[in-house]
Amino acid sequence: MATPLIGGLRAALLFLMDAGPRRALVAADAQDPVTPRLHVIERHAQALASLLARLYVAQVFLLSGLTKLRDWSSTLALFEDEYHVPLLSPELAAYLGTAGELVLPVLLALGLGGRFAALGLSVVNVIAVLSLSEIAPAALLGHQLWGALLMMLALWGAGPWSLDAWWAARRATRA
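Rules behind the numbers
Residues numbered from 1 in each chain as written. Predicted model: local features only at pLDDT ≥ 70, side-chain atom pairs only at ≥ 80, totals over all residues. Heavy atoms only, no water. Core = buried A, V, L, I, M, F, W, Y, C linked by side-chain atoms within 4.5 Å. Buried < 20%, exposed > 50% of the residue type's maximum accessible area, 1.4 Å probe, protein only. Helix = DSSP H or I, 4+ residues; strand = E, 2+ residues; numbered from the N terminus. Contact = heavy atoms within 4.5 Å. Axes fitted to C-alpha atoms, helices over the stretch in contact; angles between N-to-C directions. Parallel < 35°, antiparallel > 145°, perpendicular 65-115°, else oblique. Left-handed = near helix turned anticlockwise from the far one by under 90°. Nonpolar A, V, L, I, M, F, W, Y, C, P; charged D, E, K, R; others polar. Expected span 1.5 Å × (residues − 1). Arc of directions from axis to C-beta. pLDDT = per-residue confidence, 0-100.

A. Structural view of the nonpolar core. Within the largest apolar cluster, 14 residues are counted, with the highest numbers of intra-cluster contacts made by Val57, Phe61, Leu108, Ala118, Leu121, Leu150 and Leu153. At the level of elements, helix H3 (34-70), helix H5 (90-110), helix H6 (114-131) and helix H7 (137-156) are the ones that each hand at least two residues to this core. Per-element accounting of this core gives the leading share, five residues, to H7. When neighbours within four sequence positions are excluded, Leu108 is seen to be in contact with Arg54, Val57, Ala58, Gly114, Ala117, Ala118, Leu121, Leu150 and Leu153. Among the nonpolar cores identified, the runner-up in size contains six residues, and Phe79, Tyr83, Val85 and Leu132 belong to it.

Next comes the structure, spelled out in structure tokens:
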């Protein structure tokens, strides 16, 4: 028998791996022949938008992580001289930031633990902005766009075209 703690952890895990909201057609909509088609179009448009948002943000962060990995001595120097991450040593911040930029985008692109990956990349994004003493306006706009897309994915999930959705559908058929 599951304890309340285990049940709560399971619920939190399922939330973080949720593909997003699901809406059932109401009886009134089922009477109208056009409304179900509009729901199908809307569902596919939302799925495509979620997928494109995931792939775009994942690419940005993954390329940043690969750049840091490619020249590690420069990365360490940047974290010592330019990036001032609060509460962490420059070396630890470099390792954690680079790891986040390499692992979380892969999860986000696949839609595996999509909410978790979006929240994790949101933390990386916010720390990147806060750790720079000066940031160019164009760079700040980029971070704001990524933050908005990540917030959308954290709130609504990875979407129906994700491993989270596949896993949820598979779990539902077993139940």
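B. Summary view of the packing of H6 against H7. Contact pair H6 / H7: the axes reach a minimum separation of 8 Å and the direction vectors enclose 155 degrees. Considered as vectors, H6 and H7 are oriented roughly antiparallel to each other. Viewed along their axes, H6 and H7 form a crossing whose handedness is left-handed. Facing H6, whose interface residues are Arg115, Ala118, Leu119, Leu121, Ser122, Asn125, Ala128 and Val129, H7 presents Leu140, His143, Trp146, Gly147, Leu150, Leu153, Ala154, Leu155 and Trp156. Residue composition of the contact of H6 with H7, grouped by class: twelve nonpolar, four polar and one charged.

C. The arrangement of H7 in detail. Taking 1.5 Å as the rise per residue, H7 with 20 residues should run 28 Å; its terminal C-alpha atoms sit 29 Å apart, in good agreement. Considered for burial, the residues of H7 that qualify are Gly142, His143, Trp146, Leu149, Leu150, Leu153 and Ala154. For H7, the buried positions fall inside an angular range of 140 degrees around the axis, keeping them on one side. Those residues of H7 that are exposed and aimed more than 90 degrees away from the buried face are Pro137, Leu141 and Leu155. Following H7 by one or two positions, Gly157 adopts a phi angle in the positive range, close to 90 degrees.

D. How the structure looks around the packing of H5 against H6. Contact pair H5 / H6: the axes reach a minimum separation of 8 Å and the direction vectors enclose 145 degrees. Crossing geometry of H5 relative to H6 is assigned as left-handed. Residues Gly100, Glu101, Leu104, Pro105, Leu107 and Leu108 of H5 form the contact with H6, whose participating residues are Gly114, Phe116, Ala117, Ala118, Gly120, Leu121 and Val124.

E. Expanded view of the confidence of the model for the protein. Residues at a pLDDT of 70 or more form 89% of the protein, whose mean pLDDT is 89. Mean pLDDT across the elements of the protein bottoms out in helix H2 (residues 27-31) (52) and peaks in H5 (97). The low-confidence segment residues 24-28 (pLDDT under 50) makes two contacts with residues lying over four places distant or belonging to another chain.

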